[in-house]
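# Notes for the structure review
Read off the chains here:
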2 protein chains.
Amino acid sequence: MADFFAAHRETLDRALQAVSVRDYWSPYPEVPSGKVYGETAKADGEAAFKAALDSKFDLHQPTDGRWIGSEISPYGFALGTTYPAADVEQLIEASEAARPAWAAAPVETRIGVALEVLQRLNKRSFEIANAVMHTSGQAFLMAFQAGGAHAQDRGLEAVAYAYEELRKIPGAVLWEKPQGKNPPLQLDKTFRIVPRGVALVIGCSTFPTWNSYPGFFASLVTGNSVIVKPHPGAVLPLALTVRIARKVLSEAGFDPNVVLLAVDTADAPIAQTLALRPEVGIIDYTGGPAFGGWLEEQARGKQLFTEQAGVNSVVVESTDNFKGLCGNLAFSLSLYSGQMCTAPQDIFVPAEGIETDQGHKSFDEVCDGLSLALEKLLGDPDRAAAVLGAIQNEATLQRIEDSKGFGTVVRASAQVAHPQFEKARMATPLLLKVEAAASEAYAEECFGPIAFVVATPDAEAGLTRAAALAKTKGAITAGVHSTDETFLAKAEQAFAEAGVSLSENLTGQILVNQSAAFSDYHVSGANPAGNACLTDAAFVANRFRVVAVRRPHAA
Amino acid sequence: MADFFAAHRETLDRALQAVSVRDYWSPYPEVPSGKVYGETAKADGEAAFKAALDSKFDLHQPTDGRWIGSEISPYGFALGTTYPAADVEQLIEASEAARPAWAAAPVETRIGVALEVLQRLNKRSFEIANAVMHTSGQAFLMAFQAGGAHAQDRGLEAVAYAYEELRKIPGAVLWEKPQGKNPPLQLDKTFRIVPRGVALVIGCSTFPTWNSYPGFFASLVTGNSVIVKPHPGAVLPLALTVRIARKVLSEAGFDPNVVLLAVDTADAPIAQTLALRPEVGIIDYTGGPAFGGWLEEQARGKQLFTEQAGVNSVVVESTDNFKGLCGNLAFSLSLYSGQMCTAPQDIFVPAEGIETDQGHKSFDEVCDGLSLALEKLLGDPDRAAAVLGAIQNEATLQRIEDSKGFGTVVRASAQVAHPQFEKARMATPLLLKVEAAASEAYAEECFGPIAFVVATPDAEAGLTRAAALAKTKGAITAGVHSTDETFLAKAEQAFAEAGVSLSENLTGQILVNQSAAFSDYHVSGANPAGNACLTDAAFVANRFRVVAVRRPHAA
């Protein structure tokens, strides 16, 4: 058996350093280049993806014999891939049976398996990128980065954090308490790391890998058995992941059922049944607040980690780079058609306008600037396709339609044509302007390419409103533009109190949407947008427990 | 202003080492000796305690003008101490107002304040011991140790764990992402530790300090403001603690309302109102499962740490020291009249008896051995008083009475006289024998000096039953006696799966009840006896969150 831990030790050590220093680092190249991944990698990945279409995706895991699957590419075709279905009882039973040996394995063995899985996922990045693209609707480059390398980064980050916690627990200790002139009291103590049980990972349709990997790997290496329940619209990326994990587990001598795929359909969902099983000790959930709220209420006593929804804001007070501001915000609104939990929705601008390097800009001129920047970014169809990707869910198109009346249309959403996939479901951002006091629509999450420029009496009022929204509705990101350090300090304080990280004066290539593994704490866990951070110590430390055995030391 | 952090740095460093190595260590001497604490310390402590009787205990904190207090010493007199009452609104308002400056203080400043508080608590150990004795009913030596030195140890342990987590978070970082031949992308990032809000500590009547200090200190040093809500029957130990903390906070330049006492009475409890306030982000609770269950249901979205109840078992398979076994168990059952969350309740013995160094002992002979050992331990009134202490709650006496019919009485509970306090509420353990299958009474917690010797078909059946009880009803401790390593290994596995630590073959001075700071993880958090461990990384890491600010690096 290969010593996976030794093979990846250097990567792990570097990851441990990275999460501590939190500067830039990534072991998984984000450039889909043949020079990095091999000259045939792109073609191989595409071929592998195509081979999975219209066929049975076997996982050699317990099944009730049904083959189910209903994925539709947002680019306009049915995947036709089916997966082995199983009833919940079968899955739980297999997961329970597989866990003891896994839980009893040395920490380093489990960590090694996880690192090997990550490495193999990395090698398959092109295949996974195709799978992510044609389930989430992300454009290929984004699918390669967010669904491939960056998701792997997030997985490795979780492994590093977990290892940091696990290695703190000593194995055997001689406890020796002095008794004055008498001999000391002596106990031999051994500490055993015990898992919580079955860990359930509930994936989402927009970032099936990125959002699932932290919980998946954190639960896995802490000794739990894991059942992955993908969104029925985005199964393939996680099915590939599960298949690779099962392969590595087998090679390492473990029951591959330590990792299982629980596939379902929108008509017959099984997440609730799984979540309420007493064997399930941990749930990682990414998705809407309706099911998230249900879990919070019903899954009491389980470790629940959620990333739900929020209303992200950008507050504009002034800028020394108006063009950069507009261009950067246009990109933030357009990237993956705003289907990111980090995309801004509300842009607060003083009703009287702002001071810029181009002189005073009225509120309407700011709106026009944004509109023009969107036009410039999305005018070219190739570029538009590469930025926007496709709309994952039909309901999002309807939401755009339904939102038109929520304000005055600054720029209408247009259904653009994809140069390669003519049936792709695409839409440019709908940009509305509203007065803060006259509307409440902007105060609710409008998921997708829908954004509001919100007029407030002054910049401070915008800041107050944005921070209040973050605190009450949740927010994962916040942005501010100001040349005034005093205003920036106020914004830092206000958003810190609302539990949201802040990006200041982004006018270049970095977007408020972007969250870098090993450096940015994704989600604070301190407002309703989610109860946990991906990833920090709190995200991993409660996925296992410690029980001890102590006995008198034999003289 | 004194540099408290520098003054206590050495203690902190040693505590950090101790929680990592988990061998024996304590900075606070557990011997109530004049040589250690000063020749007048005993008299001074008693005098200070007496001065607090029948008088107003001022805390100089917000109050509505009422003075309330209803503590009755289990040794037979009313304390007569009253405390400034406040309505919940006042407390929350003061706590909220005090927090920002505390949260903004450097980590080391907060840690330094906590360490200074602990040191001053230690110096006041005699006074606190008297207060703990005359509220909990613990005998003086135990009150000095568990309520003084050991509670301080647990507080320091929490401070050390919190510091370990807090110091992981970097302050300012330059994030620099290479861009091939182009200049790197550069962001300045600063990470800010933000507290959860108001932390509520709900104390219990039996271990007012020991069980409250971990949550109190963990919440405090992570930047939260803390409201301490003692059990109305055990206010004084925590009032003393709060007064000392307020004094140190003031000296360090902070608003003393960072720490507040919320005193109430059994007739007009305020814990529910406090717990549901939206400003409260953290709740530490020790007490019964009724209120614990209510908190789990109602306090959703808050960080809740509980230690509730359970059914602790000892499984007897065989022994090479029958006398030691009986003596050790008799002590475990008698110490503080079984009013410990760690005291065993059920002793599982095979119906056909056990093999011992004294030859075969029948089930009844094992019962007799325990009974004799109790007689020997408690026959002398002075010794009985020192071991048993007093019964904290009248209801416990009633429970002994009500439990008599739950089995065959092996040894009746007797109301013994205290040599010093003639009105002391005292009772020796009630020891019952039952057949495992014929009774269910032993499967529920019978808090106080009530224990069952449970006959099972064989030792394995006892182990299975004990582990099942731990898993379903909760358990904080477990014990096993066996000369068979195979049986011990089975017990280790069974109790590990039930999430409870195991003590093997204790026949000397160490009791299953005892839990040593810096070494034993108290409560696993893995069964219904409590959802958290005192103390580990998970106990502290989620009491604060991190939010970042990032902006383009100025060239």
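These remarks concern the structure in this document.

## A few points about the overall build of chain A
In terms of regular secondary structure, chain A is built from 18 helices and 21 strands. Overall, chain A is about 85 × 65 × 45 Å in size when its C-alpha atoms are taken along their principal axes. When contacts within chain A are restricted to residue pairs at least 6 apart in sequence, those whose partners lie at least 24 apart make up 75%. Put simply, chain A shows about 19,400 Å² of open surface, and 52% of that area lies on carbon and sulfur atoms. Distance from the positive charge centre (46 side chains) to the negative charge centre (63 side chains) of chain A: 8 Å.

## Structural notes on the relation of the copies chain B and chain A
The two copies are related by a screw operation: chain B maps onto chain A through 180° of rotation and 0.0 Å of translation along the axis, at an RMSD of 0.0 Å. Here the two chains are linked by the operation of a two-fold rotation axis. The position closest to the rotation axis in chain B is occupied by the C-alpha of B:A538, lying 3.0 Å away. Of all interface residues in chain B, 100% are interface residues in chain A too; the two copies therefore contact each other through one and the same surface.

## A word on the state of the cysteines
Tallying each qualifying case throughout the model produces zero disulfides over all chains. Counting only cysteine sulfurs, A:C341 is the nearest neighbor of A:C446, a cysteine outside any disulfide, at a range of 16 Å. Unpaired in this structure, B:C326 has its nearest cysteine sulfur neighbour in B:C367, at a distance of 9.7 Å.

## Overview of the packing of aromatic side chains
What describes a pair of aromatic rings is the distance from one ring centre to the other and the angle between the planes of the rings. Residues and elements named next belong to chain A. All chains considered together, the criterion is met by 41 aromatic pairs over all chains. With a centroid separation of 6.2 Å and an interplanar angle of 25°, the aromatic rings of F126 and F140 are classed as stacked. Taken together, the residues span a long stretch of sequence, with F126 in helix α6 (residues 125-136) and F140 in helix α7 (residues 140-166) at a distance of 14 residues. Relative accessible area serves as the criterion here: at 2%, F126 is assigned to the buried category.

## Re the interface of chain B and chain A
Interface size, as often reported, equals the accessible area lost upon joining of the parts. Every contact between the two is made by 68 residues of chain B and, on the other side, 68 residues of chain A. Here chain B packs against chain A, burying approximately 5,600 Å² in sum over the two surfaces, 52% of which is carbon and sulfur. Of all residues in chain B, B:Y24, B:R545 and B:R550 give up the largest surface area on contact with chain A, accounting jointly for 13% of the area buried on that side. The residue B:E164 makes a salt bridge to A:K168 at a minimum N-O spacing of 3.4 Å. At the surface where chain B touches chain A, the tally comes to 40 residue pairs in polar contact (both at pLDDT 80 or more). The element best represented in the side of chain B that touches chain A is strand β21 (residues 544-552) of chain B, accounting for eight residues. Per-class residue counts for the side of chain B that touches chain A are 32 nonpolar, 14 polar and 22 charged. One ladder, built from two bridges, connects strand β21 (residues 544-552) of chain A with strand β20 (residues 502-504) of chain B; its direction is parallel. By the bridge assignment for β20(B), A:R550 is matched with B:S503.

## A word on the pattern of salt bridges
The full count for this structure, using the stated rule, is 64 salt bridges over all chains. Here A:E492 ties to B:R551 by a salt bridge, and the two come within 3.8 Å at their closest N and O atoms. With one member in each of two chains, A:E492 in helix α17 (residues 485-497) and B:R551 in strand β21 form a pair that bridges those chains. For B:R551, a relative accessible area of 23% corresponds to the partly exposed category.

## A short note on unusual backbone geometry
A:T535 follows A:L534 through a cis peptide bond whose omega is 5°. Located in the positive-phi region is B:R22, a residue other than glycine, with phi close to 60°. Tracing the backbone shows B:R22 in the loop between α1 (4-21) and α2 (34-37). A relative accessible area of 0% places B:R22 in the buried class. Of note in the backbone geometry, B:H60 takes a positive phi value of approximately 50° without being a glycine. Tracing the backbone through its elements, the reader meets B:H60 in the loop between α3 (41-52) and β1 (67-68).

## Side note on the nonpolar core
One finds A:I111 and B:I111 to be the most contacted residues of the largest nonpolar core, which totals 270 residues. Ignoring anything within four residues of it in the chain, the contact list for A:I111 reads A:F5, A:L12, A:V159, A:Y163, A:L166 and A:V221.

## Focus on the environment of B:Y336
All names here are of chain B. Summarising the element assignment, Y336 is placed in the loop between α12 (322-334) and β13 (346-350). Taking the C-alpha atoms as reference points, Y336 and G389, 53 residues apart in sequence, are found 5.2 Å from one another. Those residues in contact with Y336 that lie beyond four places of it in its chain are S136, G137, Q138, M142, S205, T206, F207, V387, L388, A390 and Q392.

## Regarding helix α13 (residues 363-378) of chain A
The end-to-end C-alpha distance of α13(A), which contains 16 residues, comes to 23 Å, matching closely the 22 Å that a straight helix rising 1.5 Å per residue would cover. For α13(A), every residue scored as buried is listed here: A:F363, A:V366, A:C367, A:G369, A:L370, A:S371, A:A373, A:L374, A:L377 and A:L378.

## Side note on the sheet that holds strand β12 (residues 313-316) of chain B
Spatially, 10 strands are ordered β5(A)-β6(A)-β21(A)-β20(B)-β19(B)-β12(B)-β13(B)-β18(B)-β17(B)-β16(B) in an open sheet, and the strand pairing comes out mixed. Each end of this open sheet is capped by a strand with a single partner; those strands are β5 (172-179) of chain A together with β16 (408-411) of chain B. When strand polarity is set aside, the average angle formed by the axes of neighbouring strands in this sheet is 25°. Relative to strand β17 (residues 430-435) of chain B, β16(B) runs antiparallel, the two sharing three bridges. Residue pairing in the sheet places B:T408 in a bridge with B:K433 of β17(B).

## Here's the deal with the sheet that holds β21(B)
Strand order in the open sheet made by the 10 strands is β16(A)-β17(A)-β18(A)-β13(A)-β12(A)-β19(A)-β20(A)-β21(B)-β6(B)-β5(B), with mixed pairing throughout. Taken across any chain shown, the strands that pair with only one partner, and hence form the sheet edges, are β16 (408-411) of chain A together with β5 (172-179) of chain B. Strand-to-strand twist in this sheet, taken as the mean axis angle between neighbours without regard to direction, amounts to 25°. Examined bridge by bridge, strand β13 (residues 346-350) of chain A and strand β18 (residues 450-456) of chain A share five bridges and lie parallel to one another. Paired with A:D346 across the strands is A:F452, a residue of β18(A).

## A few points about the packing of helix α6 (residues 125-136) of chain B against helix α9 (residues 236-251) of chain B
Residues and elements named next belong to chain B. Two numbers describe how α6 lies on α9: the axes approach to 8 Å, and their chain directions differ by 150°. Taken together, the axes of α6 and α9 are roughly antiparallel relative to one another. Contacts between α6 and α9 involve E127, I128, A131, V132 and T135 from the first element and L236, P237 and L240 from the second. A breakdown of the residues in the contact of α6 with α9 according to their chemical character gives six nonpolar, one polar and one charged.

What counts and how
Residues numbered from 1 in each chain as written. Chains lettered and ligands numbered in written order. Predicted model: local features only at pLDDT ≥ 70, side-chain atom pairs only at ≥ 80, totals over all residues. Heavy atoms only, no water. Helix = DSSP H or I, 4+ residues; strand = E, 2+ residues; numbered from the N terminus. Contact = heavy atoms within 4.5 Å. Areas by Shrake-Rupley, 256 points an atom, 1.4 Å probe, with all protein chains shown as cover. Lys, Arg positive; Asp, Glu negative; His and termini not counted. Charge placed at Lys NZ, Arg CZ, Asp CG, Glu CD. Least-squares fit on C-alpha atoms with pLDDT ≥ 70 in both. Disulfide = S-S within 2.5 Å. Phe/Tyr/Trp six-rings, centres within 6.5 Å; stacked < 30°, edge-to-face > 60°. Buried < 20%, exposed > 50% of the residue type's maximum accessible area, 1.4 Å probe, protein only. Buried area = accessible area lost by both parts, 1.4 Å probe. Salt bridge = Lys/Arg side-chain N within 4 Å of Asp/Glu carboxyl O. Polar contact = N/O pair within 3.5 Å; in protein donor to acceptor, adjacent residues only side chain to side chain. Nonpolar A, V, L, I, M, F, W, Y, C, P; charged D, E, K, R; others polar. Pairing = 2+ DSSP bridges. Core = buried A, V, L, I, M, F, W, Y, C linked by side-chain atoms within 4.5 Å. Expected span 1.5 Å × (residues − 1). Axes fitted to C-alpha atoms, helices over the stretch in contact; angles between N-to-C directions. Parallel < 35°, antiparallel > 145°, perpendicular 65-115°, else oblique.

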